Amino acid sequence: MFSYALKWGLYRFRRKRRLRSARESVAQCGILLAASVSASFFCSRTWAQQTDQAKPVVVQPGAPGKPSRTLPPSTRASLPPRSQADVEFMQGMIMHHSQAVEMTALIASHTENKDLRLLGARISSSQSDEIKFMQRWLAARGERVPAATSGMPGMDMSREPKALMPGMLTPEQMETLRKAKGAEFDHLFLTGMIQHHDGALTMVKDLFDTAGAGQDADLFNFATDADNTQRAEIRIMQAMLEKEPLEEIR
């Protein structure tokens, strides 16, 4: 009797244990299923949001007091209007920059002045990059793109005489610079490049003084940056010229 009761008790205990384990398994499966459904819903929602965000939205600002309006995704931006003065400024500045690069190319073989070499490298790098920018600007607008040649200033590709841009060195000045060496070269280079930079400032001023010119954002930023950079370099070169007498005394 005792053995039967013991067996019956063990049987009931094991059954309850199996039932409890089964209930726990079902609960765990329910939790996992709910988590899976939530994750799927979240991923689907996120994907939908990303898909919506991937669609380009083109908004056209309205006039003062008027609402903005949404344009179709197929809308393409158009280049801003330009004046003939813009085009002539860029074409002329390419020739202007080309002479500056030609002048800096003489430094390595004409002087050992480390400060002048550093300045020349800076001018050459910045103005070479700016020439490429101006050529791209003109090409994008279907305008004539002058080649950045180091030929005789004042001559175009057809070898016909052409007026020099403001501040550019004459052929005689360039020849004198090529023949100079050492301290003489340093002095001629600094005075010549200050003259050259002053001419670029005049070109920028003339551009902005022309009605309707300089409205293109890219051109405006370029001309403004060039003006600031060349003013700073003029101050550097003037300071280098002021040091020349002290160095000669030593």
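Here the structure is shown first, and the text comes after it.
Note that this is a predicted model, so its numbers are computed, not measured.

1. Description of the overall build of the protein
Argument step 1. When you go through the protein residue by residue, the secondary structure sums to seven helices and two strands.
Argument step 2. Along the protein, helices and strands appear, N-terminal first, in the series α-β-β-α-α-α-α-α-α.
Argument step 3. The long-range fraction of contacts in the protein, counting pairs at least 24 apart against all pairs at least 6 apart in sequence, stands at 72%.
Argument step 4. About 16,600 Å² of surface is accessible on the protein, with carbon and sulfur atoms providing 59% of the total.

2. Details of empty space enclosed by the protein
Argument step 1. According to the stated counting rule, one finds one cavity of 30 Å³ or more in the structure shown.
Argument step 2. If you go around the largest cavity, the residues you meet are Ser 126, Gln 127, Glu 130, Ala 226, Thr 229, Gln 230 and Glu 233.
Argument step 3. Looking at the lining of the largest cavity, the elements with two or more residues in it are helix 4 (114-140) and helix 7 (217-249).
Argument step 4. The dominant element in the lining of the largest cavity, judged by the number of residues it contributes, is helix 7, at four residues.
Argument step 5. Partitioned by chemical class, the residues of the lining of the largest cavity number one nonpolar, four polar and two charged.

3. Side note on the environment of Ala 100
Argument step 1. By the secondary structure assignment, Ala 100 is in helix 2 (residues 84-104).
Argument step 2. Overall, the relative accessible area of 0% leaves Ala 100 in the buried class.
Argument step 3. C-alpha of Ala 100 to C-alpha of Met 193: the two residues are 93 residues apart in sequence and 7.3 Å apart in space.
Argument step 4. The contact partners of Ala 100, leaving out residues within four places of it in the chain, are Gln 127, Met 193 and His 196.

4. A closer look at the packing of aromatic side chains
Argument step 1. By the definition in use, this model includes four aromatic pairs.
Argument step 2. Ring centres of Phe 133 and Phe 222 lie 5.4 Å apart, and the angle between their planes is 40 degrees; on these two criteria the pair is classed as tilted. In this pair, Phe 133 sits in helix 4 while Phe 222 sits in helix 7, placing the two residues 89 residues apart along the sequence.
Argument step 3. Look at Phe 222 and you get buried, because its relative accessible area is 8%.
Argument step 4. Here the aromatic cluster, defined as three or more aromatic residues joined through ring pairs, consists of Phe 89, Phe 133 and Phe 222.

5. Considering the packing of helix 2 against helix 6 (residues 182-209)
Argument step 1. Contact pair helix 2 / helix 6: the axes reach a minimum separation of 11 Å and the direction vectors enclose 170 degrees. Judged on the interaxial angle alone, helix 6 and helix 2 are roughly antiparallel. Listed contacts from helix 6 to Ala 85, Asp 86, Phe 89, Gly 92, Met 93, His 96, Gln 99, Ala 100, Met 103 and Thr 104 of helix 2 are Phe 189, Gly 192, Met 193, His 196, Gly 199, Ala 200, Met 203, Val 204 and Leu 207.
Argument step 2. Residue composition of the contact of helix 2 with helix 6, grouped by class: 11 nonpolar, seven polar and one charged.

6. Regarding the side chain of His 96
Argument step 1. As for its position among the elements, His 96 is in helix 2.
Argument step 2. For His 96, a relative accessible area of 1% gives the class buried.
Argument step 3. Within the local environment of His 96, its side chain forms a polar contact with the backbone oxygen of Pro 166, the two atoms lying 2.8 Å apart.
Argument step 4. Apart from the residues within four sequence positions on either side, His 96 is in contact with Met 165, Pro 166, Gly 167, Met 168, His 196, Gly 199, Ala 200 and Met 203.

7. Side note on the environment of Asp 86
Argument step 1. Assignment of secondary structure puts Asp 86 in helix 2.
Argument step 2. A relative accessible area of 1% means that Asp 86 is categorised as buried.
Argument step 3. The sequence separation of Asp 86 and Gly 212 amounts to 126 residues, and the corresponding C-alpha distance is 9.2 Å.
Argument step 4. Leave out the neighbours within four places in its chain, and Asp 86 touches Trp 137, Leu 207, Ala 213, Gly 214 and Leu 219.

Criteria and thresholds
- Residues numbered from 1 in each chain as written.
- Predicted model: local features only at pLDDT ≥ 70, side-chain atom pairs only at ≥ 80, totals over all residues.
- Heavy atoms only, no water.
- Helix = DSSP H or I, 4+ residues; strand = E, 2+ residues; numbered from the N terminus.
- Contact = heavy atoms within 4.5 Å.
- Areas by Shrake-Rupley, 256 points an atom, 1.4 Å probe, with all protein chains shown as cover.
- 1 Å grid on protein atoms, 1.4 Å probe; cavity = no way out; pocket = protein on both sides within 12 Å on 5 of 7 lines; lining within 4 Å.
- Points joined across faces, edges and corners; volume = space filled by probe spheres on them.
- Nonpolar A, V, L, I, M, F, W, Y, C, P; charged D, E, K, R; others polar.
- Buried < 20%, exposed > 50% of the residue type's maximum accessible area, 1.4 Å probe, protein only.
- Phe/Tyr/Trp six-rings, centres within 6.5 Å; stacked < 30°, edge-to-face > 60°.
- Axes fitted to C-alpha atoms, helices over the stretch in contact; angles between N-to-C directions.
- Parallel < 35°, antiparallel > 145°, perpendicular 65-115°, else oblique.
- Polar contact = N/O pair within 3.5 Å; in protein donor to acceptor, adjacent residues only side chain to side chain.

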